[in-house]
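Descriptive analysis of the structure
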Amino acid sequence: MQTQPELPTKTEFSQPVALVTGGGRRVGAVIARQLAAAGYRLVIHANRSMDDARRLAEELTALGQESIALPADLCDENSIERMIGEAHDHFGRIDGLVNSAAIWVRQRLEDVTSADVRRHFETNTLATFLCCQHVGRLMVEQPTGGAIVNVGDWAIARPYLNYAAYFASKGSIPTLTRTFAVELAQRNPSVRVNAILPGPVMLPPEMPEEERELVIQSTLVRREGTPAHVADAVLFLLRNDFITGVCLPVDGGRSVFAP
């Protein structure tokens, strides 16, 4: 007599799963904690910060939200596919994807090489594209669809000095976001894609006080933001099922204000 496959429990049906790239530290870790607090089970990606990712996964699991840490080199498509496959095999679904992994290197324009530009595009642009593509394919097959949130940068509209390679790579995120919103919705209208464009939410600790104050005064709210502001916006876009193809600045009004 053939045995029937074991059905998922009510908890497994009700608890969504989110994959956060670059989730081991900085803004990505704050996003992961926020999603866990909202009831998501987590896949925390890291490359060089796997120890941080494992500690965070253990912390969230201890708090009641099953979480795993998975490594991947986002410049290697095979590594990306392997990570996504392992995440899907473990949880059986991926309901949310947050592409928060990024690099940014301060360099004078005269010092930027083709290798620098290529590295920024591979990590910030191509990796976001491939994660959207491979996770999007899985979401299309899910009756409940899914939601993707990419992380860009408000300052692609008004770039500041010494980050030419970084801004060139982040400038693609809005177009990439709208493209995947259209492509994936045509295959499953329950799949949505949006982006967050953060402003000054984690200024470098070594930034001179005078420069820090100038940045703060360049916002309408006259204060520095926090990673929690970004995490709140990510959760909002994951939850709101009538928003797609949107690039939302989270910048204290800096993108519309020229002091």
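As shown above, the structure is provided for reference.
What counts and how
Residues numbered from 1 in each chain as written. Predicted model: local features only at pLDDT ≥ 70, side-chain atom pairs only at ≥ 80, totals over all residues. Heavy atoms only, no water. Helix = DSSP H or I, 4+ residues; strand = E, 2+ residues; numbered from the N terminus. Contact = heavy atoms within 4.5 Å. Phe/Tyr/Trp six-rings, centres within 6.5 Å; stacked < 30°, edge-to-face > 60°. Buried < 20%, exposed > 50% of the residue type's maximum accessible area, 1.4 Å probe, protein only. Axes fitted to C-alpha atoms, helices over the stretch in contact; angles between N-to-C directions. Parallel < 35°, antiparallel > 145°, perpendicular 65-115°, else oblique. Left-handed = near helix turned anticlockwise from the far one by under 90°. Nonpolar A, V, L, I, M, F, W, Y, C, P; charged D, E, K, R; others polar. Polar contact = N/O pair within 3.5 Å; in protein donor to acceptor, adjacent residues only side chain to side chain.

1. As for the environment of T244
If you trace the backbone, T244 turns up in the loop between α9 (227-239) and β7 (247-250). T244 sits 54 residues away from S190 along the chain, and the two C-alpha atoms are 10 Å apart. In this view, T244 contacts A181, R192, V193 and N194; residues no more than four positions away in its chain are not counted.

2. A look at the packing of aromatic side chains
Tallied over the entire structure, the rule returns six aromatic pairs. Summarising the aromatic geometry, the rings of Y160 and F167 are spaced 4.9 Å apart at their centres and angled 90° between planes, so their arrangement reads as edge-to-face. Exposure remark for Y160: the relative accessible area of 39% places this residue in the partly exposed category. Residue classification places F167 among the buried positions, given a relative accessible area of 7%. On the numbers, 6.4 Å between centres and 75° between planes, the contact of Y163 with Y166 is edge-to-face.

3. Here we look at the packing of helix α2 (residues 26-37) against helix α3 (residues 50-62)
The axes of two packed helices give the description: the angle between them and the distance between them. The N-to-C vectors of α2 and α3 enclose an angle of 15°; their axes lie 11 Å apart at closest approach. By the angle class used here, α2 and α3 are roughly parallel. Handedness of the crossing formed by α2 with α3: right-handed. On the side of α2, the interface is formed by A29, A32, R33 and A36, while α3 contributes L56, E59 and L60. Residues that form the contact of α2 with α3 fall into these classes: five nonpolar, no polar and two charged.

4. Focus: the environment of S169
With respect to the helices and strands, S169 occurs in helix α6 (residues 164-170). For S169, a relative accessible area of 0% translates into the label buried. Taking the C-alpha atoms as reference points, S169 and H120, separated by 49 residues in sequence, lie 6.0 Å from one another. Here the side chain of S169 touches N124 through a polar contact of 3.1 Å, side chain to side chain.

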